[in-house]
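A structural walkthrough
Letter by letter, the chains look like this.
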Amino acid sequence: MIRLTDKLVVTADSECYIVGKPRHRVGKGVEMQSPRYYPTLAQAVRGAVSTTLRQKVASEEITTLSEFIRQEKQLQEEFTKRLEDLEA
């Protein structure tokens, strides 16, 4: 499991990459809340960026279009770099 933010992780199975919010359940380990499934890691990263931006807009952490664009670029670079580092 790869933690992207406080609220999002990426995991995978034999068929796809799964992005969602981890939830610890007593006796059942970790499960994903609101999972989204992607065939490639690149698509999973784009989905994680979109979800994170949506969360920031909803919490009013982002309130302008220019801030949205700035953070979108920053998150895309950050998530891609993290995953590239893991693949190296």
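What counts, and where the lines are drawn
- Residues numbered from 1 in each chain as written.
- Predicted model: local features only at pLDDT ≥ 70, side-chain atom pairs only at ≥ 80, totals over all residues.
- Heavy atoms only, no water.
- Salt bridge = Lys/Arg side-chain N within 4 Å of Asp/Glu carboxyl O.
- Buried < 20%, exposed > 50% of the residue type's maximum accessible area, 1.4 Å probe, protein only.
- Helix = DSSP H or I, 4+ residues; strand = E, 2+ residues; numbered from the N terminus.
- Core = buried A, V, L, I, M, F, W, Y, C linked by side-chain atoms within 4.5 Å.
- Contact = heavy atoms within 4.5 Å.

A few points about the pattern of salt bridges
Taken as a whole, this structure holds four salt bridges when the rule is applied. For the salt bridge of Glu31 with Arg23, the shortest nitrogen-to-oxygen distance reads 3.8 Å. Given the relative accessible area of 34%, Arg23 is considered partly exposed. Taking the shortest distance from any N to any O, the salt bridge between Glu67 and Arg70 comes out at 2.7 Å. Of this pair, Glu67 and Arg70 both sit in helix H2 (residues 65–87), three residues apart, which is roughly one turn of the helix.

Focus on the nonpolar core
The biggest cluster of nonpolar side chains holds 15 residues, and the ones touching the most others in it are Leu4, Val19, Ala48, Val49 and Phe79. Counting residues per element, the ones that place at least two in this core are helix H1 (41–58) and H2. It is H1 that contributes the most residues to this core, six residues altogether. Apart from residues lying up to four places away in sequence, Val49 is in contact with Glu72, Leu75, Gln76 and Phe79.

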